[in-house]
Amino acid sequence: MATIIREIEIGASAEFVWAAVRDVGAAHVRLFPGFVTGVTMEPGIRHVTFANGWVVHELIVSIDEPLRRIAYASVEGRAKHHNSSMQVIPVAENRCRILWATDVLPDSVAGSISDILDYAIPIMVRTLESDARKGGAAAVG
């Protein structure tokens, strides 16, 4: 099983970032606008539509408030197994870190998932930092 880990520094408070991360039905607005074009929810499942038309179905496994951590698993995709977690960790008053970990089988899909993360992460950082400066969308939650 391949493991992909990204540690991302964000110039915003952990509380602010956690409010956006935990809002699993609004990833297209609060985290990845333009890259994720839509999210629909049904009990326990998030359907994520990407700009290229690709739709991913994710089982929301956990939203852990004390740990500021979400866990989710892709279902019905090309991976035999795919689970991820995002945890928001305070660093300073207006700075935090996101630890994004993904386990995937088969190993052969890890490269494309890694490429997707490398594309999506700068979008997430820009969005969160911009919203924090403006007191915008991520402040609601």
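Scoring rules and cut-offs
Throughout, residues of each chain are indexed from 1 in the direction in which the sequence is written. It should be noted that, the model being predicted, local features are given only for residues of pLDDT at least 70 and side-chain atom pairs only at 80 or more, the latter also being counted only at that level, while totals for whole chains, interfaces and linings use all residues. Excluded from the side-chain calculations are hydrogens and water; all other atoms, namely the structure's heavy atoms, are used. Helix numbers and strand numbers start at the N terminus; a helix is a DSSP run of H or I with at least 4 residues, a strand a run of E with at least 2. In the analysis that follows, any N or O atom pair within 3.5 Å is treated as a polar contact, provided that within protein one partner can donate a hydrogen and the other can accept it, and provided that, for residues neighboring in sequence, both atoms belong to side chains. Whether two residues are in contact is decided by their heavy atoms, any of which lying within 4.5 Å being enough. Only protein chains enter the area calculation, which uses a 1.4 Å probe; residues under 20% of their type maximum are buried, those over 50% are exposed, and those in between are partly exposed. A pair of strands is treated as paired once DSSP finds two or more bridges between them. Think of a salt bridge as a Lys or Arg side-chain nitrogen and an Asp or Glu carboxyl oxygen that are within 4 Å of each other. To get an axis, a line is fitted to the C-alpha atoms, and for a helix only the part in contact is used. The angle between two axes follows their N-to-C directions and goes from 0 to 180 degrees. For the purposes of this section, nonpolar cores are sets of buried Ala, Val, Leu, Ile, Met, Phe, Trp, Tyr and Cys residues that join through side-chain atoms within 4.5 Å.

## Some words on the side chain of E58
Note that E58 resides in strand 4 (residues 55-64). Here R46 takes part through its side chain, which lies 2.7 Å from a polar atom of the side chain of E58. Those residues within four positions of E58 in sequence are excluded, and the remaining contacts are G44, I45, R46, V48, Y72, A73 and S74.

## Quick word on the pairing of strand 3 (residues 45-50)
When a strand is regular, its side chains alternate between the sheet's two faces. For strand 3, a buried count of five out of six residues is recorded, marking the element as mostly surrounded by other parts of the structure. Here strand 2 (residues 36-42) runs beside strand 3; their pairing, made up of six bridges, is antiparallel. If you follow T40 over to strand 3, its bridge partner there is H47. Between strand 2 and the antiparallel strand that follows it, strand 3, lie two residues; G44 among them carries a positive phi value of about 80°.

## Structural notes on the pattern of salt bridges
Where charged atoms of side chains with opposite charge meet at close range, the side chains can pair. Under the counting rule described, the total for this entry stands at seven salt bridges. Close ionic contact of R97 with E7 constitutes a salt bridge, the shortest N to O distance being 2.7 Å. Highlighted residues: R97 in strand 7 (residues 95-105) and E7 in strand 1 (residues 2-10), separated in sequence by 90 residues. Overall, R97 belongs to the partly exposed group, its relative accessible area being 22%. For R68, the salt bridge goes to E15, with nearest N and O atoms at 3.2 Å. In this pair, R68 sits in the loop between strand 4 and strand 5 (69-75) while E15 sits in helix 1 (residues 14-21), placing the two residues 53 residues apart along the sequence.

## Some words on unusual backbone geometry
A cis amide bond links L105 with the next residue in sequence, P106, at an omega value of -5°. In this model, R68 sits at a positive phi of 50°, which is unusual for a non-glycine residue.

## Remarks on the sheet that holds strand 7
Strand order in this open sheet of seven strands is 1-7-6-5-4-3-2, and the pairing throughout is antiparallel. With one partner strand each, in any of the chains shown, strand 1 and strand 2 form the two edges of the open sheet. The sheet shows a mean angle of 25° between the axes of neighbouring strands, taken without regard to direction. Contacts from helix 1 reach strand 1, strand 4, strand 5, strand 6 (81-92) and strand 7 within the one sheet, and its direction differs from that of strand 6 by about 160°. Of the strands in this sheet, strand 1, strand 6 and strand 7 touch helix 3 (residues 110-134), which is tilted by about 15° from strand 1.

## Observations concerning the nonpolar core
If you look at the biggest cluster of nonpolar residues, it comprises 41 residues, and the most contacted ones within it are I10, V17, V21, F32, I98, W100 and M124. The dominant element in this core, judged by the number of residues it contributes, is helix 3, at nine residues. For M124, the contacting residues outside a window of four places in its chain are I8, L31, F32, M86, I98 and W100.

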